[in-house]
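# Coordinates in review
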Amino acid sequence: MAVIDLRSDTVTHPTDEMRRAMAEAEVGDDVFGEDPSINALQERAAELLGQEAGLLTASGTMSNLIAALTWCSRGDEMIMGQEAHMFWNESAGSSALAGAQIRLVPNDDNGRIAAGDVAAAIRDASNIHVPASTLVCLENTHNRCSGGVMTPQDTREVVDVAHAAGAAVHLDGARIFNAAVALEVPVAELTKDVDDVSFCLSKALSCPVGSVLCGSEEFITRARKWRKMVGGGMRQAGVLAAAGLVALDSMVERLADDHANARRLAAGLADVDGLTVDPDSIHTNIVIFEVDREAVGDAREVIAALREDGVLVSHSREQSLRMVTHRHISSADVDEAVARVNGTVRRLA
Ligand SMILES: Cc1ncc(COP(=O)(O)O)c(CN[C@H](C(=O)O)[C@H](C)O)c1O
């Protein structure tokens, strides 16, 4: 039985076109700024996102950490949503390495944080007891909030409040192209107003490795040094950048297919006794659903049972599981996955 892997869009493999481009990539030593493929990707990414410059990093986690290191001094405070990936899934890097305290504000069901909540969280650093609020972090789309999207207006409202208080805004845009496709807006509409933004090449865009951090020339100059410090300086990594250039050319529009499959998946799961999900809440490629403990069982036991039946899912919160659609998941795979989930749930009930 073929396994249906819905754990994440991080499981995607490079396309044949990417592999050809990787093999033929023009390369150089990127520590000296001499890799033509990396330079082309960084310039292309910055232009697409309405920023001045870009920096290839090894991962979204590295990009987010470099943003914290660049904007924050030790003892500063970073404001972010209580469900932020930077708070839940990055090994406390911003605190451990950047020495910044994290201040949480509520996320709504879509993963948005409210400008009013950010304004209320800004600290009065003139008081000797109080840390300075130097960075506000956004996430679009939102991982733990079912792939929810922030609109350009949502983004500008938070940026205006942060800037009024002298804080910078970092956008964790791991899946920013999913947001742009779902909203049917140019990606720059979602990224041009923030102070820096990272997006992942290695998720739904299907590259084997990497993210690109974009911002002002001055920010990127400082970020490049922090990247070097954390060991992220790379040599002939143009073989990776070449895949990124292919991704930006060929893998963005198709994200709408992943979104349609996610809605199809949610509609199927909604009909399974013991599972709860609202198909109308699915806007991109992430489906988070609730498992009734009494009717079905503990979420982690359900993950194990689904694995036995050939469906791989990931854990989200308490009794919630997550499925993520991507280029290796067809609509037929979605229907087969729902049928298998039905069988598993009946077996456990
Ligand atoms: C919003 C966001 N920002 C940053 C990252 C980190 O990217 P990587 O370090 O995995 O490249 C992720 C990865 N998310 C991964 C996944 O979704 O499977 C896991 C949970 O880390 C992310 O979802």
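Residues numbered from 1 in each chain as written. Predicted model: local features only at pLDDT ≥ 70, side-chain atom pairs only at ≥ 80, totals over all residues. Heavy atoms only, no water.

### A look at the sheet that holds strand E3 (residues 77-81)
The sheet built from seven strands is open, its strands ordered E2-E8-E7-E6-E5-E3-E4 with mixed pairing. Each edge of the open sheet is held by one strand with a lone partner, namely strand E2 (53-57) and strand E4 (101-105). Adjacent strand axes in the sheet meet at a mean angle of 20°, parallel and antiparallel pairs treated alike. The sheet contact formed by strand E6 (residues 168-172) and strand E7 (residues 196-200) spans three bridges and is parallel. Looking across to E7, one finds that leucine 171 is bridged to valine 197. (Pairing = 2+ DSSP bridges. Helix = DSSP H or I, 4+ residues; strand = E, 2+ residues; numbered from the N terminus. Axes fitted to C-alpha atoms, helices over the stretch in contact; angles between N-to-C directions.)

### Some words on the site of the ligand
The full set close to the ligand counts 15 residues, and Ser8, Thr61, Asn143, Asp172 and Arg175 are the nearest of them. In this structure, an oxygen atom belonging to the ligand sits 2.8 Å away from a side-chain N or O atom of arginine 322. When the free accessible area of the ligand is taken as 500 Å², the share hidden by the protein chains comes to 81%. The greatest single-element share of the shell around the ligand, amounting to three residues, is contributed by helix H3 (residues 60-71). Partitioning the shell around the ligand into residue classes produces one nonpolar, eight polar and six charged. (Near = heavy atom within 4 Å. Polar contact = N/O pair within 3.5 Å; in protein donor to acceptor, adjacent residues only side chain to side chain. Areas by Shrake-Rupley, 256 points an atom, 1.4 Å probe, with all protein chains shown as cover. Nonpolar A, V, L, I, M, F, W, Y, C, P; charged D, E, K, R; others polar.)

### Observations regarding empty space enclosed by the protein
One pass over the structure, following the stated rule, counts four cavities of 30 Å³ or more. Considering only enclosed or pocket space, the largest cavity measures out at about 50 Å³ in volume. Taken together, Gly81, Ala84, Asn107, Gly111, Ile113, Cys137, Leu138, Glu139, His142 and Met150 make up the full set of residues lining the largest cavity. Here the element with the most residues in the lining of the largest cavity is strand E5 (residues 133-139); it accounts for three residues. Tallied by class, the residues present in the lining of the largest cavity amount to five nonpolar, four polar and one charged. (1 Å grid on protein atoms, 1.4 Å probe; cavity = no way out; pocket = protein on both sides within 12 Å on 5 of 7 lines; lining within 4 Å. Points joined across faces, edges and corners; volume = space filled by probe spheres on them.)

### Notes on the environment of aspartate 249
With respect to the helices and strands, the residue aspartate 249 is situated in helix H11 (residues 238-250). Taking the relative accessible area as the measure of exposure, aspartate 249 reaches 59% and is therefore exposed. Considered as a pair, aspartate 249 and proline 152 are 97 residues apart in the sequence and their alpha carbons are 23 Å apart. (Buried < 20%, exposed > 50% of the residue type's maximum accessible area, 1.4 Å probe, protein only.)

### As for the pairing of E5
Burial analysis of E5 places seven of its seven residues in the buried class, which makes it a mostly covered element. Where E3 meets E5, three bridges bridge the pair, whose relative direction is parallel. Within E5, the residue paired with glutamate 77 across the bridge is serine 133. Summarising the sheet, E5 and E6 pair through five bridges and their orientation is parallel. Of the residues in E6, the one forming a bridge with leucine 135 is alanine 168.

### Quick word on a negative patch on the surface
Judged by side-chain charge, Glu290, Asp292, Glu294 and Glu318 come together as a negatively charged surface patch. Structurally, aspartate 292 can be placed in the loop between strand E10 (286-291) and helix H13 (299-308). (Patch = residues over 30% accessible without salt bridge, like charges linked within 9 Å, V, L, I, M, F, W, Y side chains within 5 Å. Salt bridge = Lys/Arg side-chain N within 4 Å of Asp/Glu carboxyl O. Lys, Arg positive; Asp, Glu negative; His and termini not counted. Charge placed at Lys NZ, Arg CZ, Asp CG, Glu CD.)

### What to know about the sheet that holds strand E12 (residues 314-315)
Taken in spatial order, the four strands make up an open sheet running E9-E10-E13-E12, and their pairing is antiparallel. With partners counted over all chains shown, the strands left at the sheet margins are strand E9 (275-276) and E12, one partner each. As judged from the five bridges shared by E10 and strand E13 (residues 320-324), these two strands associate in the antiparallel manner. From the neighbouring strand, glutamate 290 faces E13, where its bridge partner is serine 320. On top of the sheet, helix H12 (residues 255-270) reaches E9, E10 and E13; it is set at about 10° to E10, its chief contact. (Contact = heavy atoms within 4.5 Å.)

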